[in-house]
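What follows is each chain in one-letter form.
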Amino acid sequence: MGLGSTAKKIQTLADRAEQLYVKLKEVHERVLSVEGTVEDTQARVKELESELEHQRVVVEALAEERGIDVDAVVAESAIEDVDGAAAGGEAANDEASTANGDDAPTASDGSGD
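Residues numbered from 1 in each chain as written. Predicted model: local features only at pLDDT ≥ 70, side-chain atom pairs only at ≥ 80, totals over all residues. Heavy atoms only, no water.

Chemist: Help me understand the overall build of the chain in this model?
Modeler: Looking only at helices and strands, the chain features 2 helices and 0 strands. Within the chain, buried positions represent 1% of all 113 residues. Counting only carbon and sulfur atoms, one obtains 57% of the accessible surface of the chain, whose full area is about 10,200 Å². (Helix = DSSP H or I, 4+ residues; strand = E, 2+ residues; numbered from the N terminus. Buried < 20%, exposed > 50% of the residue type's maximum accessible area, 1.4 Å probe, protein only. Areas by Shrake-Rupley, 256 points an atom, 1.4 Å probe, with all protein chains shown as cover.)

Shown next as structure tokens:
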């Protein structure tokens, strides 16, 4: 009886090891896929950064030709973005409080009858 029980335990252990191997192989394949995707993404980002730098040079040359201060325009844009975000946040808060007030039934609207 002792040998049969031991053989069963060994078989169970071997089955689990095989399942673990299959899972490990799947994880390995997924990691390789992710690594490939990351490498592709890095190459695309480098290409986009290079293209953006070329565009920046062209825009700065055009701006200089027309007497436009690029740094001042960028600073002004950043200020407008911050102001717009702050105003947008306040508007969202105002809309939310208005919506909460409009959704609540009141005694004067006749819904309490």
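The rest of the description comes next.
Chemist: Would you explain a negative patch on the surface in this entry?
Modeler: A contiguous patch of negative charge, built from Glu 60, Glu 64, Glu 65, Asp 69 and Asp 71, is present on the exposed surface. Element by element, the count of residues in the negative patch is highest for helix H1 (residues 2–65), at 3 residues. Turning to its location among the elements, Asp 69 is positioned in the loop between H1 and helix H2 (70–103). Overall, the relative accessible area of 47% leaves Asp 69 in the partly exposed class. (Patch = residues over 30% accessible without salt bridge, like charges linked within 9 Å, V, L, I, M, F, W, Y side chains within 5 Å. Salt bridge = Lys/Arg side-chain N within 4 Å of Asp/Glu carboxyl O. Lys, Arg positive; Asp, Glu negative; His and termini not counted. Charge placed at Lys NZ, Arg CZ, Asp CG, Glu CD.)

Chemist: Explanation requested: the environment of Ile 68 in the structure shown.
Modeler: On the secondary structure map, Ile 68 appears in the loop between H1 and H2. Relative accessible area serves as the criterion here: at 43%, Ile 68 is assigned to the partly exposed category. Setting aside chain neighbours within four positions, we find Ile 68 in contact with Ala 63 and Val 73. (Contact = heavy atoms within 4.5 Å.)

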